[in-house]
Amino acid sequence: MGFIGTENYIASKELQLAVNAAITLEKPLLIKGEPGTGKTMLAEELAGALNTNLLQWHIKSTTKAQQGLYEYDAVSRLRDSQLGDEKVKDIGNYIVKGKLWEAFTAEHRPVLLIDEIDKADIEFPNDLLLELDKMEFFVYETQQRIVAKQRPIVIITSNNEKELPDAFLRRCFFHYIQFPNDEEMRQIVQVHFPDLKKGLLDNALKSFFQLREVNGLKKKPSTSELIDWLKLLVADDIPPEAISDKDAKNALPPLYGALLKNEQDIHLFEKLMFMARRNAN
Amino acid sequence: MLINFFFTLRKHKVKTSITEYLDLMAALKNEVVYSDMDAFYYLSRTVMVKDESQYDKFDRAFAEYFKGVQQVNLFDEEIPQEWLRKQLEKVLSEEEKQQIKALGGLDELMKTLEERLKEQKERHEGGNKWIGTGGTSPFGAHGYNPEGVRIGQDTNRNFSAAKVWDKRTFKNLSSDVELGTRNIKVALRRLRKFARTGASDELDVGDTISSTAKNAGYLDIKMAPERRNNIKLLLFFDVGGSMDAHIQLCEELFSAAHSEFKHIEFFYFHNCLYDGVWQDNHRRGYGDIDTYQILHKYGSDYKVIFVGDATMGPYEITYPGGSVEHWNEEPGSVWMQRITNHFEYCVWLNPQPKGYWHYHASIQIMLDLMKNKMYPLTLEGITEAIKALLKK
């Protein structure tokens, strides 16, 4: 049994293979790719397809590796001791389980998503080496060794903001999600909008890929932006002709705000469209 | 089993280790894939390669190793001369065409190219696809834009039999190609890394006080990660002539990273640094800034980056009056020395491919003046340059 995508998620053959290899060999899978190509979605859909729990650990710049294992809540223990609570005698009452702990002790083999690992401190991945390799860790406060019942399926996503250390990479499999081509994009749109008019889709995709080819955009629109834009187009019932109408007074495609999210980008695009029309005349 | 494959990868400088090799063996033993070449390609890539900038190297290594197994003969057709010539003519400017004439004309160049192609064919019988990308193009040597004459890419459409790894989709992501709009983002990240040094914690006094108060007077220490942009940067761009396209790219790159630096200042010069530079590229000649003023105004803790091809007549650097634009009392080399003596950290980024540097006497002189701190304008080059700038 392998992962072949779901009815909501089109996975390319390469991606399927990478996921299946990671599942079989029990290695964490590191996923990179342009923002909006469905990196986080993958973990959600994988958990759905395998009919198991998804544990999400979203990384922020202040996240520490220790927080994924457990945290010792000294403050509530102190308060309890002032109030004379009986609980205070057992330090175990103040150990808060982290996501990795939860994943290690889950009943069924869960999917653990470590989202945007590159947001954390540079040392963060190094602090998780042993835990991801051996799938075990030690709780000093209670002198307890936590060993994984079964190795969870670990999906790690990165936006490439920081380079990850080699020692960490050695322990992962890696896949780079490429931006889908026209045909794959059609499949993806088909999944989200099963009854989209063909004319609308053709025109929308055409202007979408044209927009992606404009050099110098700060943020190229990606799959998730396309889906949002189509949603708006459908909701507003925009006729297909309006999208590709080159002579229209408005240079920008309708509802462009869903595609271009940056003032400079919009200005640049307007300028280019203006020049294109002037040259055409 | 597949040991030679592993060593072929290593030979192509794919960063891969025994751990990954054993993983691949385990994957094959578990029959993740079975006798499907494409699937094996994807699997081995997932297991062996950990960064998209390595994908291209992997593709090349894969093709080399498996050419015997698969027998893909992709290059039995000649590249049509007319096509090449047309491509060249499209790319070259008038000035460059003049230069070709000086070098014996286009025909002579074509002949050299043809010979090179043959040579390469003999070395890799059967599966030779890397023409024009692996350094056979003699055009770079004479200063043409190698982007424009990339033979391998454009002829590819003739080869319908090309396999996935032969498409080399990830060429743009490879870290040794020149900077382009695609990989400019990655370069930017390198620069950010440059700007943000140290992640050690410091005491967050405000937070500590408020949380101690909330905690009924019991001390609760809060730490916050230290974030300081300490880097002050001066950038000198060579403008005018062949450098303009590169300069625009660099300018965009550094202005995009603007917020990451404490201080950043742009200056322009032509070919070599002399007694004056200017700050507004469109109004050159007006409001020239005395180079001395820069030396006085900015402390030696500023880091200096020059961007230029350093390709000029050697006399432009070494003789008084060498400048092509004005009469300079002192030679450019003196000015360069003043800069490198005043500022502790200086590097030079050069868009010329590194392999051609030794053909140009002026680049050699500049290398000496920069104390060898010249790096190619590629992702790798930028990383190296930043390393040199940060060295304590």
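Residues numbered from 1 in each chain as written. Chains lettered and ligands numbered in written order. Predicted model: local features only at pLDDT ≥ 70, side-chain atom pairs only at ≥ 80, totals over all residues.

Some words on the overall build of chain A
Part 1 of the argument: For chain A, the helix and strand inventory stands at 13 helices and nine strands.
Part 2 of the argument: In chain A, the proportion of contacts linking residues at least 24 apart, taken out of those at least 6 apart, comes to 75%. (Helix = DSSP H or I, 4+ residues; strand = E, 2+ residues; numbered from the N terminus. Contact = placed C-beta atoms within 7 Å.)

Side note on the overall build of chain B
Part 1 of the argument: Each helix and strand in chain B was counted, giving 17 helices and nine strands.
Part 2 of the argument: Taking the contacts inside chain B whose residues are at least 6 apart along the sequence as the reference set, 68% of them involve residues at least 24 apart.

Things to note about the nonpolar core
Part 1 of the argument: Ranked by internal contacts, the top residues of the largest apolar core, which has 69 residues, are Leu-29 and Ile-155 of chain A.
Part 2 of the argument: Membership of the second largest hydrophobic core comes to 39 residues, among which are Leu-234, Cys-272, Phe-306 and Trp-348 of chain B. (Core = buried A, V, L, I, M, F, W, Y, C linked by C-beta atoms within 7 Å. Buried ≥ 20, exposed ≤ 12 C-beta atoms within 10 Å, placed from the backbone.)

Details of the packing of helix α1 (residues 13-25) of chain A against helix α3 (residues 37-48) of chain B
Part 1 of the argument: Remark: α1 of chain A packs on α3 of chain B, axes separated minimally by 9 Å, with the N-to-C direction vectors making an angle of 55 degrees. By the angle between their directions, the pair α1 of chain A and α3 of chain B is classed as oblique. Our pair here, α1 of chain A against α3 of chain B, has a crossing hand that is right-handed. For the pair α1 of chain A and α3 of chain B, contact is made by Lys-13, Glu-14, Leu-17, Ala-18 and Ala-21 of chain A and by Ala-39, Tyr-42, Leu-43, Thr-46 and Val-47 of chain B, respectively.
Part 2 of the argument: Taken together, the residues of the contact of α1 of chain A with α3 of chain B break down into seven nonpolar, one polar and two charged. (Axes fitted to C-alpha atoms, helices over the stretch in contact; angles between N-to-C directions. Parallel < 35°, antiparallel > 145°, perpendicular 65-115°, else oblique. Left-handed = near helix turned anticlockwise from the far one by under 90°. Nonpolar A, V, L, I, M, F, W, Y, C, P; charged D, E, K, R; others polar.)

Focus on the interface of chain A and chain B
Part 1 of the argument: The interface is formed by 26 residues belonging to chain A together with 26 residues belonging to chain B.
Part 2 of the argument: Contributions of two or more residues to the side of chain A that touches chain B are made by α1, α4 (74-83), α8 (166-170) and β9 (173-177) of chain A.
Part 3 of the argument: For the side of chain A that touches chain B, the element with the highest residue contribution is α1 of chain A, accounting for eight residues.
Part 4 of the argument: The residue makeup of the side of chain A that touches chain B, split by class, is 12 nonpolar, seven polar and seven charged.

Re the environment of Lys-198 of chain A
Part 1 of the argument: Within the secondary structure, Lys-198 of chain A sits in helix α10 (residues 198-213).
Part 2 of the argument: Remark: the alpha-carbon pair of Lys-198 of chain A and Pro-240 of chain A, spanning 42 residues in sequence, is separated by 8.9 Å.

Looking at the sheet that holds strand β9 (residues 374-376) of chain B
Residues and elements named next belong to chain B.
Part 1 of the argument: In space, the five strands of this open sheet follow the order β4-β3-β7-β8-β9, with parallel pairing throughout. The sheet is open, and its two edges are formed by β4 (263-269) and β9, each paired on a single side. Averaged over all pairs of adjacent strands, the angle between their axes in this sheet comes to 20 degrees, without regard to strand direction.
Part 2 of the argument: As judged from the five bridges shared by strand β7 (residues 303-307) and strand β8 (residues 345-350), these two strands associate in the parallel manner. Note that in β8 the partner of Phe-306 across the bridge is Trp-348. (Pairing = 2+ DSSP bridges.)

Regarding the sheet that holds strand β8 (residues 153-158) of chain A
Residues and elements named next belong to chain A.
Part 1 of the argument: The five strands are arranged β2-β5-β8-β1-β9 in an open sheet whose pairing can be described as parallel. Either end of the sheet is taken by a strand with one partner, and the two such strands are β2 (54-58) and β9. Across the sheet, the mean angle separating the axes of adjacent strands is 20 degrees when strand polarity is ignored.
Part 2 of the argument: In the sheet, strand β5 (residues 111-115) pairs with β8 via four bridges, with the strands oriented parallel. The residue of β8 that forms the bridge with Leu-113 is Ile-155.
Part 3 of the argument: α1 rests against β1 (29-33), β8 and β9 of the sheet, and its axis sits at about 160 degrees to β9.

Quick look at the pairing of β9 of chain A
Residue and element names in this part refer to chain A.
Part 1 of the argument: Of all the five residues making up β9, five are buried; the element is thus mostly covered by neighbouring parts of the structure.
Part 2 of the argument: The two faces of β9 match: Phe-173, His-175 and Ile-177 on one face and Phe-174 and Tyr-176 on the other face are all buried.
Part 3 of the argument: As defined by bridge partners, β1 adjoins β9 across five bridges and the pair is classed as parallel. Following the sheet pairing, Leu-29 is matched in β9 by Phe-173.

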